[in-house]
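Analysis of the macromolecular model
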Protein chains: 4
Amino acid sequence: MIIVIQCIDQVGLVAAISGVLAQQQLNIISLREHVDKAENRFFLRVQVEAPANADAVQDMLQAELTTVLPVDAVVMVNPLPEKRIVLLVTKEYHCLGDILIRHYFKSLKASVLAVIGNYDQLQDICHRFDLPFHHVSHEGKSKDVFESEIRNIVDRYAPDYLVLAKFMRILSPAFVANWPGRIINIHHSFLPAFAGANPYRQAFERGVKLIGATAHFVTNDLDEGPIIAQQIIPVTHSLTAADMMRAGKEIETSVLAKALRLVFDDRVFVYNNKTVVFE
Amino acid sequence: MIIVIQCIDQVGLVAAISGVLAQQQLNIISLREHVDKAENRFFLRVQVEAPANADAVQDMLQAELTTVLPVDAVVMVNPLPEKRIVLLVTKEYHCLGDILIRHYFKSLKASVLAVIGNYDQLQDICHRFDLPFHHVSHEGKSKDVFESEIRNIVDRYAPDYLVLAKFMRILSPAFVANWPGRIINIHHSFLPAFAGANPYRQAFERGVKLIGATAHFVTNDLDEGPIIAQQIIPVTHSLTAADMMRAGKEIETSVLAKALRLVFDDRVFVYNNKTVVFE
Amino acid sequence: MIIVIQCIDQVGLVAAISGVLAQQQLNIISLREHVDKAENRFFLRVQVEAPANADAVQDMLQAELTTVLPVDAVVMVNPLPEKRIVLLVTKEYHCLGDILIRHYFKSLKASVLAVIGNYDQLQDICHRFDLPFHHVSHEGKSKDVFESEIRNIVDRYAPDYLVLAKFMRILSPAFVANWPGRIINIHHSFLPAFAGANPYRQAFERGVKLIGATAHFVTNDLDEGPIIAQQIIPVTHSLTAADMMRAGKEIETSVLAKALRLVFDDRVFVYNNKTVVFE
Amino acid sequence: MIIVIQCIDQVGLVAAISGVLAQQQLNIISLREHVDKAENRFFLRVQVEAPANADAVQDMLQAELTTVLPVDAVVMVNPLPEKRIVLLVTKEYHCLGDILIRHYFKSLKASVLAVIGNYDQLQDICHRFDLPFHHVSHEGKSKDVFESEIRNIVDRYAPDYLVLAKFMRILSPAFVANWPGRIINIHHSFLPAFAGANPYRQAFERGVKLIGATAHFVTNDLDEGPIIAQQIIPVTHSLTAADMMRAGKEIETSVLAKALRLVFDDRVFVYNNKTVVFE
């Protein structure tokens, strides 16, 4: 049983929380706590051995914890173990392919409800996995129209998260505002280096010796949202910009998979454009 | 203020501990807890904001925590911030040099009391840093005599830890037994691969693509003690065994430095030939 | 156009080879050369700009290079760009899934002819990709019979390589001898550490701080063949053996993919139980 | 014996070079070649077995290679094995300490002629190693005067390279122009991310999950010169900006040491604000 809590910091929070758990005779297996002194915020994730009467205990805990914690506290006792997600894609297959395989073999910790693509290249692979694919072209229409078409489809599925698995269109603040803190993107650079378009071309031209990828929550500012996970790989002078792009796909896939695992496992807290990640 | 606790696990430990802290109005900055279910052991490291009357609070905490915890509990409130250490070396300079520089610039979190070498090559560098160097040759004497000579010198300094900074002699169980859990060694391979002599030669002959280094506590079984930290670097076919040895020195230096920092910062717990490390 | 050469070393080899290339007005884009002094062996991989009349040039080069090189030389001008492979699997899906996605999207540099499994769990995923799956159970039959059934199927496809994508049965020397240097395995540890069964359990019990995976060619000695690629990831005390197994799957997938890319791209030479890899 | 060559690319260069080597009966141990197609430039580093009459062969090779290569070719046969360097420092000790230890134990592949500091904190450590330390304060004087004082001292030593081992003052283009391609700097971020001042503060505020360091040649544009080497380490939410600075020092030290080894070993070519590095 997992319990995650975020609230303003004050003396005695851990004592109050662990007191409630001890009263229920719940044994703590692991506990992670972080206090951001500058922001005076408290973050906690605790895993306890599941009791026999889990449902009853869960309700009791939710009520009692809310009572002993500050009024701003966000408390989740036993968050949904399987999140419901919709994927947005363009043409690149590597992140989608990885997610589909994990989904098919039930190791994603999420249920893929549908895939939306602004091209139709990835339709066949989705159908092979019996997943609905919606082709919403951006061509010949305003961004407003394009986004409202996507939004209509997304709303039909009411997902917990939107995952941009190499979706190469910039989304408007208005669109993003519909799912605050619930859109996850993979950016093909080690942000904040090489934000914007063609990061591999930029990296090649700068002659860097490492290239990276960044999974982050999407906010109004492009490529500026809270970072969930980052990875890099070494590169040399012998790689062209195209080679870098190929090599980069490996870490894009890997870092998005890691970020999804962390988020779906309720290990990521967001505040003030940063994340607290209890790995 | 740091508090570290190890004891058998039972329901309510975190509540008991954090209750004591809350009573003293101590605010928890960070808390790490681990339970080894198989062994039923509880490990905790908590950092609290230092109170004004630190000394009085420290004594009170030590007493109160001992009262509320199981009888086997080992409780350390505010462990010594600067450990006292003696180094054992042979001829290789890289780990010693790194430690001497950190010590000179006061970033080691430990005080180097003396260096003991079974050769005298490293005497000059120690004297340049105004540190006592004791040359105890192993030649022409039994292991018993050799070790008792070392022991006499070490005892004079009564260190908290012995650090084998590339000490290339195997120590007897009788010698090791004098400082249980207090001798730290750097082994020049990714243990348990290539235990024993000439690990780089072994690695070269096996044609591995990674080489590593391991910092561990010394026990009776050579290269079998609890592991504190490990690192690796990639190697290729183009490296000779000598090249691997040179490359390996970089990670030996780095992984020993990391292990010392973790141990001296009271982040490492030992039990049953394993470590719990709260990085 | 790629040319790979392996032969005994002698003075003037690069001059002889590059002389032949220059005569054909071929511009060298990149050249990698290695000499193993101990074994007196010469390895070379050179990439030249493709000429207009590639086929004619290819034949001429093959003939002329053979003439100027030692009699033991193995020369490949423009090796087959797409290798033909058969996969052997058991129940674990992660390596297979990754290979199937790359194959479907034509980034594997190889054609998957068929998949053979000693269980049928992975049949459905193969069929979703329109690939033949052969279920050959090992139960209730001798190893001899089991292996000859597999061999009969493999022979039907006449592949360039067999890839053991988490095939959990030990193959006999007689079986392995059919495809010398052409069977690639992924072992779930950082060899030579934790060879044999249950490496994650072994790693957990030893308390290591890194776990790894190794892709290697299969020889008669289990887990002792020439290593192609290795990777590691850090682990902590908080992971159970099962957690390590899950985490390890990520690098198993990654390191097998890397090894296949290197082999299929003709960047790997084998001799004397080692590899030369021109990444 | 090492030979390094840079020139415009054309067909037949490797044949011409290796022909000259074969004529002298020189056996090639390893050869690295790179062609930048976009810039049409050719880079080569070759290691041959040293002949008996090395000096005579060296002169002959230099002459013959110059004859067979394009007129713009820069050819170095057996470059100086031990470069002569001057260090510039401010107050931070970690890079200086590492270099001094390597220098003292003769593993730097360079001779440290002197250290210049704009503060005097690092004077004592230099004197402990019997190295001249020149204190040139920047206070109370114009940048022009400050730099000309430094230049006067540097000129006295006529070094091959200036190494900025955490020299925290920005150098003017006029100063830099005195040693084109011969000033090496360590920047405390993964460039181009967080160029300029306080990179660890910037990294902390952005909430990145990796921090890095970059060793590069200094050009007129601050933090924009050709990159030699880069490394990163993972960080988490639990690190303050000060913690990141401390952690970053480890990779600053490591990446500068690596860059110096590569440059001093004649493995780094510079052109067009990029490097070719034959590791």
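Presented here is an overview of the structure given in this document. Everything numeric in this text was worked out from a predicted model, so none of it was measured.

Calculation criteria
Residues numbered from 1 in each chain as written. Chains lettered and ligands numbered in written order. Predicted model: local features only at pLDDT ≥ 70, side-chain atom pairs only at ≥ 80, totals over all residues. Heavy atoms only, no water. Buried < 20%, exposed > 50% of the residue type's maximum accessible area, 1.4 Å probe, protein only. Helix = DSSP H or I, 4+ residues; strand = E, 2+ residues; numbered from the N terminus. Pairing = 2+ DSSP bridges. Axes fitted to C-alpha atoms, helices over the stretch in contact; angles between N-to-C directions. Contact = heavy atoms within 4.5 Å. Least-squares fit on C-alpha atoms with pLDDT ≥ 70 in both. Buried area = accessible area lost by both parts, 1.4 Å probe. Salt bridge = Lys/Arg side-chain N within 4 Å of Asp/Glu carboxyl O. Polar contact = N/O pair within 3.5 Å; in protein donor to acceptor, adjacent residues only side chain to side chain. Nonpolar A, V, L, I, M, F, W, Y, C, P; charged D, E, K, R; others polar. Phe/Tyr/Trp six-rings, centres within 6.5 Å; stacked < 30°, edge-to-face > 60°.

On to the pairing of strand S4 (residues 74-77) of chain C. Residues and elements named next belong to chain C. The alternating pattern of S4 places Val75 and Val77 on a buried face, while none of Val74 and Met76, on the opposite face, is buried. In terms of strand pairing, strand S1 (residues 2-8) meets S4 through four bridges, oriented antiparallel. The residue bridging valine 4 from the neighbouring strand is methionine 76, located in S4.

For the rest of this paragraph, the subject is the sheet that holds strand S6 (residues 110-117) of chain A. Residues and elements named next belong to chain A. Taking strand neighbours across the sheet as the criterion, the seven strands line up as S7-S6-S5-S8-S9-S10-S11 in an open arrangement whose pairing is mixed. The strands lining the two open edges of the sheet, one partner per strand, are strand S7 (133-135) and strand S11 (227-234). When strand polarity is set aside, the average angle formed by the axes of neighbouring strands in this sheet is 20°. Both S6 and S7 contribute to a ladder of three bridges, which runs parallel. Within S7, the position partnered with glycine 117 by the bridge is histidine 135. Of the strands in this sheet, strand S5 (83-89), S6, strand S8 (161-164) and strand S9 (183-187) are in contact with helix H3 (residues 94-104), which crosses S6 at around 150°. Along the sheet face, helix H5 (residues 143-157) touches S5, S6, S7 and S8 and points at about 160° away from the line of S6.

With an RMSD of 0.0 Å, chain B superimposes on chain C once it is rotated by 180° and translated 0.0 Å along the axis. Viewed as a symmetry operation, the transformation between the two copies matches a two-fold axis. Every residue of chain B has its C-alpha some distance from the rotation axis, and the shortest such distance is that of B:Ala193, at 2.2 Å. Looking at the interface residues of chain B, 100% of them are also at the interface in chain C, so both copies use one shared face.

On to the interface of chain B and chain C. With 30 residues of chain B at the interface, the matching set in chain C holds 30 residues. With both chains or domains summed, chain B and chain C bury close to 2,500 Å², and 62% of this area falls on carbon and sulfur atoms. Contact with chain C buries area across many residues of chain B, yet B:Arg206, B:Lys209 and B:His237 alone supply 30% of it, more than any other trio. Linking chain B with chain C are two salt bridges, by the criterion used here. For the pair chain B and chain C, the number of links is twelve residue pairs in polar contact (both at pLDDT 80 or more). No other element matches the six residues that strand S11 (residues 227-234) of chain B contributes to the side of chain B that touches chain C. Its residues assigned to classes, the side of chain B that touches chain C comprises 15 nonpolar, nine polar and six charged.

This next bit is on the sheet that holds strand S10 (residues 210-217) of chain C. Hydrogen bonding along the main chain pairs the strands of a sheet, whether they run parallel or antiparallel. Residue and element names in this part refer to chain C. The strand order S7-S6-S5-S8-S9-S10-S11 describes an open sheet built from seven strands, whose pairing is mixed. The open sheet terminates on both sides in strands that have one partner only, identified here as strand S7 (133-135) and strand S11 (227-234). Looking at each pair of strands side by side, their axes are set apart by 20° on average, direction ignored. Here three bridges tie strand S8 (residues 161-164) to strand S9 (residues 183-187), and the two strands are oriented parallel to one another. Note that in S9 the partner of leucine 162 across the bridge is isoleucine 183. Where helix H5 (residues 143-157) meets the sheet, its contacts fall on strand S5 (83-89), strand S6 (110-117), S7 and S8, and the angle it forms with S6 comes to roughly 160°.

Turning our attention to the interface of chain A and chain D. Taken together, the contact pairs 30 residues of chain A with 30 residues of chain D. Taken over both partners, the interface formed by chain A and chain D buries close to 2,500 Å², and the fraction arising from carbon and sulfur atoms is 61%. For the pair chain A and chain D, the number of links is two salt bridges. The salt bridge involving A:Glu224 is made with D:Arg206; its shortest N-O contact spans 3.6 Å. Elements with a minimum of two residues in the side of chain A that touches chain D: helix H7 (199-206), S11 and strand S13 (274-277) of chain A. When residues in the side of chain A that touches chain D are grouped by element, the largest group, six residues, is from S11(A). Considered class by class, the residues forming the side of chain A that touches chain D number 15 nonpolar, nine polar and six charged.

All right, on to the side chain of B:His34 then. Within the secondary structure layout, B:His34 lies in strand S2 (residues 28-36). Non-local contacts of B:His34, meaning those with residues more than four positions away in its chain, are made with A:Ile29, B:Arg41, B:Phe42, B:Phe43, B:Val276, B:Phe278, C:His237 and C:Ser238.

Now for the packing of aromatic side chains. Under the criterion given, the structure shown has 40 aromatic pairs over all chains. Measuring from centroid to centroid gives 4.0 Å for B:Tyr93 and D:Phe105, while their planes differ by 10°, and the two rings are stacked. Of this pair, B:Tyr93 sits in the loop between strand S5 (83-89) and helix H3 (94-104) while D:Phe105 sits in the loop between helix H3 (94-104) and strand S6 (110-117), on two different chains. The pair B:Tyr93 / D:Phe105 is uniform in exposure class, with both members buried. Ring geometry for D:Phe175 against D:Trp179: centres 5.0 Å apart, planes inclined by 55°, an arrangement best described as tilted. Summarising the burial analysis for this pair, D:Phe175 and D:Trp179 share the class buried.

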